[in-house]
Amino acid sequence: MLFLIAYISSVVLINFAFSTAPHLDVIWSAWGGLVFILRDMVQTRFGHGAILAMLAALVLSYITSDPSIALASATAFAVSECIDWLVFSITRRPLHDRLWISSALSIPLDTFIFFGLIGALTPAVVGTALASKFAGVTVVWLIMAWRLRKRAVAN
């Protein structure tokens, strides 16, 4: 439940931040890495119910943020969630691999769609967003892979 609340809150707060202080877009783009990690944790705990969490976050974002930011966020998340859904539904790879594969496919699209729609598609913002998102997902992947190996050795 903690990941669910953190995920919804982070989406709403990051959209609010982009709405109220767009000049700090590099900072907010770094925060985006956390949102992807939280989304993956919600996906692993609630499966396809993660889409309901995304919808709740986007409705709250529309109420609390600039509607154009909320729309850009909704569009980018819809594309990335569809990719996640496909990877999680189709592949039979271990969970940590599915997380990384889905992120490798969805992070670039999410980043370019969101920042393109809000007019902040600059090398600094895109670079920061991609680096923070991939760093976060890679850390989660490493932790999960380490735990899996540790369990295999113990058995």
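Residues numbered from 1 in each chain as written. Predicted model: local features only at pLDDT ≥ 70, side-chain atom pairs only at ≥ 80, totals over all residues. Heavy atoms only, no water.

Going by the annotation in an unreviewed UniProt entry, the name recorded for the protein is PreQ0 transporter, with Pseudomonas extremaustralis given as the source organism.

Turning our eyes to something else, we now look at the pattern of salt bridges. Where charged atoms of side chains with opposite charge meet at close range, the side chains can pair. The tally for this structure, following the rule as stated, stands at 4 salt bridges. Among the ionic pairs, arginine 39 bridges to glutamate 81, the shortest N-O distance being 3.6 Å. Here arginine 39 is found in helix H2 (residues 25-46), whereas its partner glutamate 81 is found in helix H4 (residues 67-90), with 42 residues between them in sequence. We classify arginine 39 as buried; its relative accessible area is 1%. Since its relative accessible area comes to 4%, glutamate 81 is described here as buried. (Salt bridge = Lys/Arg side-chain N within 4 Å of Asp/Glu carboxyl O. Helix = DSSP H or I, 4+ residues; strand = E, 2+ residues; numbered from the N terminus. Buried < 20%, exposed > 50% of the residue type's maximum accessible area, 1.4 Å probe, protein only.)

Tracing the sequence through the fold places alanine 50 in helix H3 (residues 50-64). Accessibility expressed as a relative area gives 1% for alanine 50, which makes it buried. For the pair alanine 50 and glutamate 81, spaced 31 residues apart in sequence, the C-alpha separation works out to 8.7 Å. Every residue in contact with alanine 50, bar those within four places of it in the chain, is listed here: Val42 and Gln43. (Contact = heavy atoms within 4.5 Å.)

Throughout the structure, instances matching the rule amount to 5 aromatic pairs. Connected via pairs of aromatic rings, a cluster forms that spans Phe18, Phe114 and Phe115. (Phe/Tyr/Trp six-rings, centres within 6.5 Å; stacked < 30°, edge-to-face > 60°.)

This part is about the packing of helix H1 (residues 2-20) against H3. Packing of H1 against H3 leaves a shortest axis separation of 9 Å and a crossing angle of 30 degrees. Looking at the two axes, H1 sits roughly parallel to H3. Crossing of H1 against H3: the hand is right-handed. Of the residues in H3, those in contact with Leu4, Tyr7, Ile8, Val11, Val12, Asn15 and Phe16 of H1 are Ala53, Met54, Ala56, Ala57, Leu58, Leu60, Ser61 and Thr64. Looking at the contact of H1 with H3 residue by residue, the class counts come to 12 nonpolar, 3 polar and no charged. (Axes fitted to C-alpha atoms, helices over the stretch in contact; angles between N-to-C directions. Parallel < 35°, antiparallel > 145°, perpendicular 65-115°, else oblique. Left-handed = near helix turned anticlockwise from the far one by under 90°. Nonpolar A, V, L, I, M, F, W, Y, C, P; charged D, E, K, R; others polar.)

Let us now look at the UniProt feature "transmembrane region" (unreviewed entry) in the protein. Residues given the UniProt feature "transmembrane region" (unreviewed entry) here are residues 45-63, 99-118 and 124-146. Between the C-alpha atoms that bound residues 124-146 there is a distance of 32 Å. The span itself is 100% helix and 0% strand. (UniProt positions renumbered as here; feature names shortened; annotations may be inferred.)

In this fold, methionine 54 is placed in helix H3. When the C-alpha atoms of methionine 54 and alanine 74 are compared, they prove to be 8.4 Å apart, with 20 residues separating the residues in sequence. Sequence-distant contacts of methionine 54, that is, excluding residues within four places in its chain, are made with Tyr7, Phe77, Ala78 and Glu81.

Relative to the helices and strands, leucine 95 is located in helix H5 (residues 95-117). By relative accessible area, which is 28% here, leucine 95 ends up partly exposed. With near-sequence residues (within four places) excluded, leucine 95 lies in contact with Thr44, Phe88 and Met144.

Turning our attention to the packing of H3 against H4. Contact geometry for H3 and H4: axes closest at 9 Å, N-to-C directions at 170 degrees. Regarding the angle of H3 to H4, the classification is roughly antiparallel. As for how H3 packs across H4, the hand of that crossing is right-handed. The segment H3 lies against H4, with Ile51, Met54, Leu58, Ser61 and Tyr62 engaging Pro67, Ala70, Ser73, Ala74, Phe77, Ala78 and Glu81. For the contact of H3 with H4, a count of residues per class yields 9 nonpolar, 2 polar and 1 charged.

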